[in-house]
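# An overview of the molecular structure
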Amino acid sequence: MHAWPASEVPALPGQGRDLRIHDTATGGPITLDPGPVARLYVCGITPYDATHIGHAATYNAFDLVQRVWLDTKRQVHYVQNVTDVDDPLLERAERDGVDWAALAEQETQLFREDMTALRMLPPRRYVGAVEAIPGIVPLVERLCDLGAAYELEGDTYFSVEADPHFGQVSHLESAAMRLLSAERGGDPDRPGKKNPLDPMLWSAAREGEPSWDGGSLGRGRPGWHIECVAIALDHLGMGFDVQGGGSDLVFPHHEMGASHAQVLTGEFPMAKAYVHAGMVALHGEKMSKSKGNLVFVSRLRQDGVDPASIRLALLSHHYRADWEWTDQVLQDAVTRLGHWRAAVSRPDGPSVEVLVDEIREALANDLDAPAALTAVDRWAVTQERQGGTDAGAPGIVSRAVDALLGVAL
Ligand code: 5CA
Ligand code: ZN
């Protein structure tokens, strides 16, 4: 699949900072030391509805990861998937009487447009589950050969017991795992499974559903976790720097994915850090396509909201926090954007030497975007109240806000 166009990232004076980030697997901050090419995998959308603010908040977090790395003069190899065949997509297509592939293509295209408008840097590889199928089948076959998978009435399951490190991403008790598995696409109550938590690797063709040639597995379609693993291993290899997504993916998705990869390669861990963004809520409940309590990015854009203010609204919350979208959050961002734009519209202003460092330090410190915004606010207030004499200072602020926060002033 093709991704979306990249906005220019201006180079900044001075030195970028190495990223310290909270790792779910170890439960604490770690300083990442990627080589000259940092490797990032972020779980993409299941395209059966438009991009909502929760999605945008999660992609904003990983856009910041990318920007911090770029600021340290590294290249970033960023891969994102599109779950363009899965139960919720097929169910929605069936409900609405539309072709599932056309629905997926339409919503993926809208996502690209939203990401472009929000100035999210695109992945270098944007890969659909369907196009990954030829790479998924041999991995499932290999898991079977390794004794890590088994067949149940034509379907193929992964055996979680095959991975001695299973549980080391989420550290959940098995009862909690079971509950989450049932909630998030698993089938812990299906009779005949070796372990209720075992996830599907390959699902045998069912009447009325799309299916593909699965070699020795028979016709069918891939399970969710192996899809992401196949794409990540193909494009990034084992031991990549960050596996990212929202906190709703910690279990089972990232736990299972890590186990698949670790059993397949015999290496540990799959990723150096597992990084998770908090959940955005609307009216007190997690924004989710299945509940329908959504604020769409495309809708806000249609209503004439400047994407830069949507982006500032996202940045005003720490990525790990769960938070609630309200009109006030957006209104505050609109006001802030107005102040910042006025402050950078003059030819000179207060010194920015400290400011650029403050933004860098805030982001390097577990992506503390709210602290970065506060630093820019301080500069803008000084500019507003007393101005300054540094020629070109507003230009540097504008470049720093663009390069590090993705906001065009
Ligand atoms: N296709 C899978 C990942 S492989 C999936 O979870 N798709 S999704 O469309 O449901 O979500 C896309 C991304 O947005 C995921 O990283 C998910 O964790 C995140 N996300 C979903 N809902 C929210 C929310 N309310 N707040 C923050 N992030 C969210
Ligand atoms: Zn995924």
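Please read all numbers here as calculations on a predicted model, not as lab measurements.

This part takes up the site of ligand 1. Looking at ligand 1, there are 24 residues lining it, with T46, T58, T83, D248 and K289 nearest. Between ligand 1 and T46, the relevant distance is 2.8 Å, taken from a nitrogen atom to a side-chain nitrogen or oxygen of the residue. Take G54: an N or O atom from its main chain is 3.0 Å from a nitrogen atom of ligand 1. When isolated, ligand 1 has an accessible area of 600 Å², and the protein chains bury 95% of it. The element best represented in the shell around ligand 1 is helix α1 (residues 53-71), accounting for 4 residues. Classifying every residue of the shell around ligand 1 gives 9 nonpolar, 12 polar and 3 charged.

We now examine the sheet that holds strand β12 (residues 280-282). Taken together, 3 strands build an open sheet; the order of strands is β13-β12-β14 and the sheet is mixed. Each edge of the open sheet is held by one strand with a lone partner, namely β13 (285-286) and β14 (323-324). Sheet topology note: the β12/β14 ladder contains 2 bridges and is parallel. Following the sheet pairing, A281 is matched in β14 by E324.

Across all of its chains, the model carries 28 salt bridges by this definition. Ionic pairing is found between R95 and D96, a salt bridge with its closest N-O pair at 2.8 Å. Residue D96 is classed as partly exposed on the basis of its relative accessible area, which comes to 39%. Of the charged contacts, one joins E153 and R190 as a salt bridge, the two residues approaching to 2.7 Å between their closest N and O atoms. Of this pair, E153 sits in the loop between β6 (149-152) and β7 (155-158) while R190 sits in the loop between α5 (174-183) and β8 (200-204); the two residues are 37 residues apart in sequence, bridging distant segments of the chain. By relative accessible area, which is 65% here, E153 ends up exposed. Within the structure, one salt-bridge network assembled from shared partners comprises R17, R20, D357 and E361.

So, how was this worked out
- Residues numbered from 1 in each chain as written.
- Chains lettered and ligands numbered in written order.
- Predicted model: local features only at pLDDT ≥ 70, side-chain atom pairs only at ≥ 80, totals over all residues.
- Heavy atoms only, no water.
- Near = heavy atom within 4 Å.
- Polar contact = N/O pair within 3.5 Å; in protein donor to acceptor, adjacent residues only side chain to side chain.
- Areas by Shrake-Rupley, 256 points an atom, 1.4 Å probe, with all protein chains shown as cover.
- Helix = DSSP H or I, 4+ residues; strand = E, 2+ residues; numbered from the N terminus.
- Nonpolar A, V, L, I, M, F, W, Y, C, P; charged D, E, K, R; others polar.
- Pairing = 2+ DSSP bridges.
- Salt bridge = Lys/Arg side-chain N within 4 Å of Asp/Glu carboxyl O.
- Buried < 20%, exposed > 50% of the residue type's maximum accessible area, 1.4 Å probe, protein only.

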